[in-house]
Amino acid sequence: MIAVMAVAAVSANAQWYIGGSFGLNFTKESKDADSQTTLNIAPEVGYNINDNWAVGAQVGFGMANNLTNGLEANLTGTSFTIAPYVRYTFAKTGIASFFADGYVGFSSTNFRGDVKYDKSGSLFSIGVRPGVSLKASDKVSLVAILGNLGYSKYSDDVFGGGSNFGINADNTDISLGVYYNF
């Protein structure tokens, strides 16, 4: 009975949030090239431990068509990602909160092509992502994650694999999302 009351008390004061991001991109490298379409959906759930710390996880699904890898055209790729994180909010001013996410990510990707092409790959990543949250209301926040500083190691059936360490702070690594706070 005491355990049930303790869980109920913690749940009553819970600061849960749900949200995520959505991306859709159309690319055409030249007027004679086929267009490429990329779709990413990344729902996420988290818990605010206190005013500065939160924990959460993002689960993502991605799909792309008309990819080329130098070996064959018209590849279709699908990916599944899970990325748990710890968030530290280091500054607040007005409606804006500035944070950094420490994350670990795992991804699995499959590629299929026109002519008996079936390849797969995996990715492990770890790093820090800075971001900003804008409080639109008591329940809704707009969130932007801007870049990445981290390490990734990948392996695949096409190129064998490799690793990368670095910082990415340009406009190609921006994630925009909406959170609903309970």
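Now for a quick tour of the structure. Since the structure is predicted, the reported quantities are computational estimates derived from the model, not experimental observations. For every chain, the first residue of the written sequence is number 1, and numbering continues from 1 onward in sequence order. Per-residue local features of the predicted model are confined to residues with pLDDT of at least 70, and side-chain atom pairs are confined, for both listing and counting, to 80 or more; whole-chain, interface and lining totals are unaffected and use all residues. Neither water nor hydrogens contribute to the side-chain values; these are computed over all heavy atoms in the structure.

1. As for the environment of isoleucine 167
This is how it is decided: Each helix is a run of DSSP H or I of at least 4 residues and each strand a run of E of at least 2, with the numbering of both proceeding from the N terminus. Throughout, exposure labels follow a simple rule: accessible area from a 1.4 Å probe, protein chains only, divided by the maximum for the residue type, with under 20% read as buried, over 50% as exposed, and the rest as partly exposed.
Relative to the helices and strands, isoleucine 167 resides in strand E9 (residues 162–168). Under the relative-accessibility criterion, isoleucine 167 is labelled exposed at 66%. Distance in space between the C-alpha atoms of isoleucine 167 and glycine 150 is 6.6 Å, their sequence separation being 17 residues.

2. Structural notes on the environment of serine 21
As a reminder of what qualifies: The contact criterion used is simple: two residues touch if any of their non-hydrogen atoms lie within 4.5 Å.
Relative to the elements of secondary structure, serine 21 occurs in strand E1 (residues 16–27). Between the alpha carbons of serine 21 and glutamine 58 there is a distance of 9.5 Å; along the sequence they are 37 residues apart. Dropping the residues within four chain positions of it, serine 21 is found in contact with Asn40, Ile41, Ala42, Gln58, Ser175, Leu176 and Gly177.

3. Notes on the pattern of salt bridges
Quick reminder of the rule: Throughout this description, the term salt bridge denotes a Lys or Arg side-chain nitrogen within 4 Å of a carboxyl oxygen of Asp or Glu.
Here the structure, examined in full by the defined rule, presents four salt bridges. Two residues, arginine 129 and aspartate 101, come together in a salt bridge whose shortest N-O distance is 3.7 Å. Note that arginine 129 is positioned in strand E6 (residues 118–135) and aspartate 101 in strand E5 (residues 96–112), a separation of 28 residues in sequence. With relative accessibility at 0%, the residue aspartate 101 sits in the buried group. Close ionic contact of lysine 135 with aspartate 138 constitutes a salt bridge, the shortest N to O distance being 3.9 Å. One salt-bridge network, held together by shared partners, links Glu44, Arg87, Asp101 and Arg129.

4. Comments concerning the pairing of E6
Heads up, the rule is: What makes two strands pair is DSSP finding at least two bridges between them.
Both E5 and E6 contribute to a ladder of 17 bridges, which runs antiparallel. Looking at E6, one finds that arginine 112 is bridged to aspartate 118. Across eight bridges, the pairing between E6 and strand E8 (residues 148–156) is antiparallel. Across the sheet, the residue bridging to serine 122 is serine 155, located in E8. Sheet topology places E6 next to strand E7 (residues 140–146); five bridges connect them, and they run antiparallel. From the neighbouring strand, lysine 135 faces E7, where its bridge partner is serine 141. Turn length for the E6-E7 hairpin, with the two strands adjacent in sequence and antiparallel, is four residues.

5. Notes on the environment of glutamine 58
Worth spelling out the cut-off: Distance and chemistry together define a polar contact, namely a pair of N or O atoms within 3.5 Å, with one atom able to donate a hydrogen and the other to accept it when in protein, and with adjacent residues in sequence counting only for side-chain atoms on both sides.
Along the chain, the position of glutamine 58 falls in strand E3 (residues 53–67). Glutamine 58 sits in the buried class, given a relative accessible area of 17%. Each C-alpha atom, one on glutamine 58 and one on glycine 19, is 9.2 Å from the other, the two residues being 39 residues apart in sequence. When near neighbours in sequence (up to four residues on either side) are disregarded, glutamine 58 contacts Ser21, Ala42, Pro43, Glu44, Thr81, Ile82, Ala83 and Tyr85. Among the polar contacts made by the side chain of glutamine 58, one reaches the side chain of glutamate 44 at a distance of 3.2 Å.

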